[in-house]
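Structural characterization, general
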Protein chains: 2
Amino acid sequence: MKNYKLVLGYDGTDFRGWQRQPDGRTVQGVLEEAVRKITGKKVVVHGAGRTDAGVHALGQVAGFRGAFKLSDEVLLRALNAVLPEDVRVFSLAEAPPEFHARKSARSKLYRYRIVLSPQPSPLDRRFVLHWPYPLEVGPMRAAARLFVRTADFTAFSSNRDRSPIRTVKRSGLLRSGDELVYTIESAGFLRYMVRTIVGTLLEVGRGRIAPARIEEIFRLRDRSLAGPTAAAKGLTLIRVDY
Amino acid sequence: MKNYKLVLGYDGTDFRGWQRQPDGRTVQGVLEEAVRKITGKKVVVHGAGRTDAGVHALGQVAGFRGAFKLSDEVLLRALNAVLPEDVRVFSLAEAPPEFHARKSARSKLYRYRIVLSPQPSPLDRRFVLHWPYPLEVGPMRAAARLFVRTADFTAFSSNRDRSPIRTVKRSGLLRSGDELVYTIESAGFLRYMVRTIVGTLLEVGRGRIAPARIEEIFRLRDRSLAGPTAAAKGLTLIRVDY
């Protein structure tokens, strides 16, 4: 039995997210189906991050176990031949027996793109949030930095069940031409956490939430005080480190 | 009667090219239909470049004449509200009466993207040619420069009717990471000219055509000596100058 580690990317537009569903096209679903088609065997593919519907990935990591007669290189080629073109496997290699894509992950890096121009490029339309309204970027950048901390992120997520304490190692907003690029890195994220932080930064940019209030929102643990959940399409899982 | 100049972009994937057709979705067709929906009037929209099926644009220029009661700003917003999201109008302004999007154009700049990595990003898949095979980039760069000239481009096009003499002002290949980006600028192009030049450069990269042979192919005016027409999806009209 080999333990496989895959690095993959996908255009999340036409997926109902990572996690397998009884109906509905999911990334986990098409990957498991691809392995079954090639090897005839049913496997469970674990993903480092269970991305939501519409969220993209350029460096998702996944893993599965199996005993197949194919070399890694042949299996990689076969997967890309069988998979739909909105999912691509960049690499496949044997991992140590204890490797688990989600549990072994030390940190994940997400990027969120916001295009400020009156009209976004039609070539980017699936991968960015289009925001053609005024924004004060300075306060947004200051607010972005305030998320670097070990804290209870209840207010900035739709978390219900799990422990709400997370450690964010990096949180920054850069302007590049007509685009704002938000980058966040953490060992783990709560549900909708990145998109709620982005939604909150947009409220800061509109002057509706002062950066100084972020502290209070953390403390009050009240989701309704943070901004709305920003659209999934702007979010991409960039990298997972082990 | 006002003469309008538009700058627009489109994802060419789901279009049968620029030019209106009895059946088949075209960029000219959806633009003319959008103007008709908004103003109730039939117009003819001229494009600077009649891009082929599958070719994209980030800086196509188009023009049409009409007398409408809407301000330019309102017309621009209405167009983007009515147009499908794979076409976006970036700007709209009144042009001098003599302005004609195609006839007045002084030069057009096209870019062709070739991705060399074993698997392309699924986010770029509609906009690049994927070429996961060995290529000698040095000879390709040398050959690319040989297209800067005033010459008969019959061998590098599917031209039949028009004068085959064209002046290419810029023709260069750059490597940027895993990607080759070919840029070409000319006052005018023959049918399939950019894609045939790219197809020829790929043959050079594969060692099948020596850069030194380009001169001979120009002279012999024989299409069969040049490379195949590269796929439309890698090509984007970047800019039109007047």
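Values in this document were obtained by computation on a predicted structure and should not be read as measured data. (Residues numbered from 1 in each chain as written. Chains lettered and ligands numbered in written order. Predicted model: local features only at pLDDT ≥ 70, side-chain atom pairs only at ≥ 80, totals over all residues. Heavy atoms only, no water.)

The next subject is the packing of aromatic side chains. Residue and element names in this part refer to chain A. Within this structure, the stated rule accounts for 24 aromatic pairs over all chains. Relative to Phe218, the ring of Phe147 lies with its centre 5.6 Å away and its plane at 50°, an arrangement referred to as tilted. Of this pair, Phe147 sits in the loop between α3 (137-145) and β7 (150-152) while Phe218 sits in helix α5 (residues 213-220); the two residues are 71 residues apart in sequence, bridging distant segments of the chain. Each member of the pair, Phe147 as well as Phe218, carries the same accessibility label: buried. Chaining the aromatic ring pairs together yields one cluster made of Phe147, Phe153, Phe156 and Phe218. Arg25 extends its terminal NZ or CZ atom over the ring of Phe15, reaching a point 4.0 Å from the ring centre. (Phe/Tyr/Trp six-rings, centres within 6.5 Å; stacked < 30°, edge-to-face > 60°. Helix = DSSP H or I, 4+ residues; strand = E, 2+ residues; numbered from the N terminus. Buried < 20%, exposed > 50% of the residue type's maximum accessible area, 1.4 Å probe, protein only. Lys NZ or Arg CZ within 6 Å of the ring centre and 35° of its normal.)

So, on to the environment of Leu92 of chain A. Residues and elements named next belong to chain A. Relative to the helices and strands, Leu92 is located in strand β4 (residues 87-94). Looking at Leu92, the relative accessible area reads 10%, which means it is buried. Spatially, the C-alpha atoms of Leu92 and Leu6 are 4.5 Å apart, while their sequence positions differ by 86 residues. Sequence-distant contacts of Leu92, defined by excluding residues within four places in its chain, comprise Tyr4, Lys5, Leu6, Asp72, Leu75, Leu76 and Leu79. (Contact = heavy atoms within 4.5 Å.)

Glancing now at the domain arrangement of chain A. Frequently, the measure chosen for interface size is the accessible area that the parts lose on association. Residues and elements named next belong to chain A. Each domain of chain A was delimited in the assignment, giving domain 1 (2-94) and domain 2 (107-241). Here the C-alpha centroids of domain 1 and domain 2 sit 27 Å apart. Contact with domain 1, which involves 16 residues of that partner, is made by 16 residues of domain 2. Interface area, domain 1 with domain 2, both sides summed: about 1,200 Å², of which 56% is carbon and sulfur. (Domains from an automatic or database assignment. Buried area = accessible area lost by both parts, 1.4 Å probe.)

Here the focus is the relation of the copies chain A and chain B. Taken as rigid bodies, chain A and chain B are interconverted by a rotation of 180° and an axial shift of 0.0 Å, the fit giving an RMSD of 0.0 Å. Read as a symmetry element, the transformation amounts to a two-fold axis. (Least-squares fit on C-alpha atoms with pLDDT ≥ 70 in both.)

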